[in-house]
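Now for the letters of each chain:
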Amino acid sequence: MLSTRKVIVTGAASGIGKEITLQCLREGASVIACDLNEERLRELARTADSPNLFTYRVNVSHYEEVASLFAALDEEHSSIDGLVNNAGIYLGKSILDYKQEEIDSVLDVNVKGAVYFSQFFGKRRLEQRKQGVIVNMSSVSGQEGSSDAVYGLSKAAILGLTKSCAMNFAPYVRVNAVAPTMVDTAMMERIPEWRKREYVSHQLVNQPLTAEDVAHTVIFLLSDKARHYTGATFDINSGCYLR
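Report follows, based on the coordinates.

Conventions and cut-offs
Residues numbered from 1 in each chain as written. Predicted model: local features only at pLDDT ≥ 70, side-chain atom pairs only at ≥ 80, totals over all residues. Heavy atoms only, no water. Helix = DSSP H or I, 4+ residues; strand = E, 2+ residues; numbered from the N terminus. Rg over C-alpha atoms; globule rule 2.2 N^0.38 Å. Buried < 20%, exposed > 50% of the residue type's maximum accessible area, 1.4 Å probe, protein only. Contact = heavy atoms within 4.5 Å. Areas by Shrake-Rupley, 256 points an atom, 1.4 Å probe, with all protein chains shown as cover. Pairing = 2+ DSSP bridges. Axes fitted to C-alpha atoms, helices over the stretch in contact; angles between N-to-C directions. Parallel < 35°, antiparallel > 145°, perpendicular 65-115°, else oblique. Left-handed = near helix turned anticlockwise from the far one by under 90°. Nonpolar A, V, L, I, M, F, W, Y, C, P; charged D, E, K, R; others polar. Core = buried A, V, L, I, M, F, W, Y, C linked by side-chain atoms within 4.5 Å. Right-handed = clockwise from strand over helix to strand, strands pointing away. Phe/Tyr/Trp six-rings, centres within 6.5 Å; stacked < 30°, edge-to-face > 60°. Lys NZ or Arg CZ within 6 Å of the ring centre and 35° of its normal. Salt bridge = Lys/Arg side-chain N within 4 Å of Asp/Glu carboxyl O.

**Some thoughts on the overall build of the protein**
Then, number 1: Scanning the protein for helices and strands turns up 8 helices and 7 strands.
Then, number 2: Relative to a compact globule of 243 residues, whose C-alpha radius of gyration would be 18 Å, the protein shows 17 Å and is just as compact.
Then, number 3: Counting only C-alpha atoms and orienting by the principal axes, one finds that the protein spans roughly 50 × 40 × 40 Å.
Then, number 4: Within the span of the protein, comprising 243 residues, buried residues form 51% of the whole.
Then, number 5: By sequence separation, contacts in the protein at least 24 residues apart represent 72% of the contacts at least 6 residues apart.
Then, number 6: Within the structure as shown, the protein displays about 11,700 Å² of accessible surface, and the carbon and sulfur contribution to it stands at 50%.

Here it is in structure tokens:
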């Protein structure tokens, strides 16, 4: 589905990002895998064992690093067709317990990182007058509220960013969001038990959501099969919340 495409994936070295990266490679894409954790990037490279994987250590919340990355990509890659803004952190804390630096950290990574990458990617596609795709990783927490209010805020912001970028980058770049419920990754360990029970009690599909399931939807949105979707949010919540 993604033959000849080049796709940037942020937060690519673990969890959902890792599965998106591996599935993109299986579907014929070349992947620019970005992450802050160098050891996990090396592990990803060993797992993928693909000449079409290119890894870059970058802190998505640092504007200068993102600018340097795109300058390097301009030199090393002829064209990049897609961007998956997946990098994110979740502390699983009450807003009453957050310290100032923790608030800054969550918003810098989860919101500013997506803004920076979208800006640089969108600018290039508009200047080149070439088609492109952005997929943003939001969450059900940004739609229904979160026990971690700062995280919920960050994921709600991603939905607004998605709609606005769809307008700003038209007609060249399609921009959509994916909003999963709890995903069976390490991050789920930080969700309070009462919240987990609440999610499960509302689900209509009695199967856990996996990173692979989320990646399937991302692959679809990156492909030409989704060419008429933009500014949309794709709920992946097993029927937890019906809209």
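**Some words on the sheet that holds strand E5 (residues 132-137)**
Then, number 1: Read from one edge of the open sheet, 7 strands run E3-E2-E1-E4-E5-E6-E7, paired in parallel fashion. Strands at the two margins of the open sheet, each flanked by one partner only, are strand E3 (53-57) and strand E7 (233-236). Each strand axis lies, on average, 15° off the axis of its neighbour in the sheet, ignoring direction.
Then, number 2: Examined bridge by bridge, strand E4 (residues 82-85) and E5 share 4 bridges and lie parallel to one another. Within E5, the residue paired with Asn85 across the bridge is Asn136.

**Quick word on the packing of helix H4 (residues 100-128) against helix H6 (residues 149-168)**
Then, number 1: Close contact between H4 and H6 brings their axes to 9 Å; oriented N to C, the two are set at 10°. Between H4 and H6, the crossing angle belongs to the class labelled roughly parallel. When you trace H4 past H6, the crossing you get is right-handed. Taking contact as the criterion, the partners of Ile103, Val106, Leu107, Asn110, Val111, Ala114, Val115, Ser118 and Leu126 in H4 are, on H6, Val150, Tyr151, Leu153, Ser154, Lys155, Ala157, Ile158, Leu161, Cys165 and Asn168.
Then, number 2: Among the residues making up the contact of H4 with H6, the classes are represented as 14 nonpolar, 4 polar and 1 charged.

**A short note on the nonpolar core**
Then, number 1: Counting residues in each nonpolar core, the largest one holds 34 residues, and the members touching the most others are Ile20, Val214, Val218 and Leu222.
Then, number 2: Of all the elements in the fold, those that place two or more residues in this core are strand E1 (6-10), helix H1 (15-26), strand E2 (30-35), helix H2 (38-48), E5, helix H8 (211-222) and E7.
Then, number 3: With sequence-adjacent residues up to four places away left out, Ile20 is seen in contact with Val9, Val84, Asn86, Met137, Ala215, Val218 and Ile219.
Then, number 4: Counting residues in each nonpolar core, the second largest holds 28 residues, with Cys34, Val58, Phe120 and Phe121 among its members.

**Things to note about the pairing of E1**
Then, number 1: Burial analysis of E1 places 5 of its 5 residues in the buried class, which makes it a mostly covered element.
Then, number 2: Where burial is concerned, the two faces of E1 agree: the one with Lys6, Ile8 and Thr10 and the one with Val7 and Val9 are both buried.
Then, number 3: As paired strands, E1 and E2 are joined by 5 bridges and run parallel to one another. In the strand pairing of E2, Ile8 is matched with Ile32.
Then, number 4: At this point the chain moves from E1, through H1, to the parallel E2, and the crossover so formed is right-handed.

**A closer look at the packing of aromatic side chains**
Then, number 1: Under the defined criterion, the tally for this structure stands at 8 aromatic pairs.
Then, number 2: Ring geometry for Phe220 against Tyr229: centres 5.8 Å apart, planes inclined by 65°, an arrangement best described as edge-to-face.
Then, number 3: With a relative accessible area of 25%, Phe220 lands in the partly exposed category.
Then, number 4: Among the aromatic residues, those joined into a cluster by ring pairs are Tyr63, Phe70, Tyr116, Phe117 and Phe120.
Then, number 5: Here the basic side chain of Lys93 rests over the ring of Tyr98, its NZ or CZ set 5.9 Å away from the ring centre.

**Describing the pattern of salt bridges**
Then, number 1: Using the criterion set out here, one finds 11 salt bridges in the structure.
Then, number 2: Where Asp224 meets Arg5, a salt bridge forms, and the shortest distance between an N and an O atom there is 2.8 Å. Note that Asp224 is positioned in the loop between H8 and E7 and Arg5 in the segment before E1, a separation of 219 residues in sequence.
Then, number 3: Classification of Asp224 by relative accessible area gives partly exposed; the value is 48%.
Then, number 4: Residue classification places Arg5 among the buried residues on the basis of a relative accessible area of 17%.
Then, number 5: As a salt-bridge pair, Asp108 and Lys112 come within 3.3 Å of each other at their nearest N and O atoms. Of this pair, Asp108 and Lys112 are both found in helix H4, 4 residues apart, which corresponds to roughly one turn of the helix.
Then, number 6: Since its relative accessible area comes to 40%, Lys112 is described here as partly exposed.

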